[in-house]
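# Breakdown of the fold
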Amino acid sequence: MSAYLLPDGRQITGALSVQFGRQLKGGTWAELPRAKYECFACRTTEGPVVGAAAVTAFVQTIRATHKANCHPTTSSSHQGAQAA
């Protein structure tokens, strides 16, 4: 199966994770923002991207850009989502 099935029949096909980072009072970053996308259908990961501008652009476009490049695997194993 290429997605995690929910009890109501919907499917989770991917996970976008974003770490917002930590900015200091002076405007410098103590920890930079980062993001990555994991696709359960084709079992690939895109990213991580690092930095406020890069994360903003990535989050806005990853759904469309990954869909164009996604080639689902035909595995019969059931892969589930894991909570952090």
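Scroll up a little and you will see the structure.
For the structure given in this document, a descriptive report is provided here.

Pairing is antiparallel in the open sheet, where three strands are placed in the order β3-β6-β7. A single partner strand is all that each edge strand has here, and the edge strands are β3 (14–19) and β7 (44–50). Pairwise comparison of adjacent strand axes, ignoring direction, gives a mean angle of 10 degrees for this sheet. Along the sheet, helix α1 (residues 52–69) makes contact with β3, β6 (34–39) and β7, crossing β7 at roughly 160 degrees.

Attention now goes to the nonpolar core. In this structure, Ala 35, Tyr 37, Cys 39, Ala 41, Cys 42, Val 55, Phe 58, Ile 62 and Cys 70 together form the largest nonpolar core, which totals nine residues. Put simply, the parts of the chain that give this core at least two residues each are β6 and α1.

Turning our attention to α1. Taking 1.5 Å per residue as the helical rise, α1 with its 18 residues ought to reach 26 Å, and the 24 Å between its terminal C-alpha atoms agrees with that figure. At Thr 61, α1 shows its strongest bend, of approximately 55 degrees. Listing the buried residues of α1 in full gives Val 55, Phe 58, Ile 62 and His 66. Against the buried residues of α1 lie β3, β6 and β7.

Two strands pair when backbone bridges link them, and β6 and β7 are joined in this way by five bridges, in the antiparallel orientation. Residue pairing across strands places Arg 34 opposite Val 50, the latter belonging to β7. The antiparallel hairpin formed by β6 and β7 contains four residues in its connecting segment, where Arg 43 sits at a positive phi of about 60 degrees.

Residue Pro 48 is reached from Gly 47 by a cis peptide bond, and omega for that bond is 10 degrees. Inspection of the secondary structure assignment puts Pro 48 in strand β7. Even without a glycine there, the phi angle at Arg 43 is positive, about 60 degrees. Tracing the backbone through its elements, the reader meets Arg 43 in the loop between β6 and β7.

Its place among the elements puts Glu 38 in strand β6. Since its relative accessible area comes to 31%, Glu 38 is described here as partly exposed. For the pair Glu 38 and Leu 16, spaced 22 residues apart in the sequence, the C-alpha separation amounts to 6.5 Å. Once residues lying within four places of it in the same chain are set aside, the contact partners of Glu 38 are Thr 13, Gly 14, Ala 15, Thr 44 and Thr 45.

Moving on: the pattern of salt bridges. In total, this model carries three salt bridges according to the counting rule given. Measuring nitrogen to oxygen at the nearest pair gives 3.7 Å for the salt bridge that ties Arg 22 to Glu 31. Residue classification places Arg 22 among the partly exposed positions, given a relative accessible area of 44%. In this structure Glu 31 comes out as partly exposed when scored by relative accessible area, which is 45%.

Conventions we followed
- Residues numbered from 1 in each chain as written.
- Predicted model: local features only at pLDDT ≥ 70, side-chain atom pairs only at ≥ 80, totals over all residues.
- Heavy atoms only, no water.
- Pairing = 2+ DSSP bridges.
- Helix = DSSP H or I, 4+ residues; strand = E, 2+ residues; numbered from the N terminus.
- Axes fitted to C-alpha atoms, helices over the stretch in contact; angles between N-to-C directions.
- Contact = heavy atoms within 4.5 Å.
- Core = buried A, V, L, I, M, F, W, Y, C linked by side-chain atoms within 4.5 Å.
- Buried < 20%, exposed > 50% of the residue type's maximum accessible area, 1.4 Å probe, protein only.
- Expected span 1.5 Å × (residues − 1).
- Bend = angle between axes of the 7 residues up to and from the residue.
- Salt bridge = Lys/Arg side-chain N within 4 Å of Asp/Glu carboxyl O.

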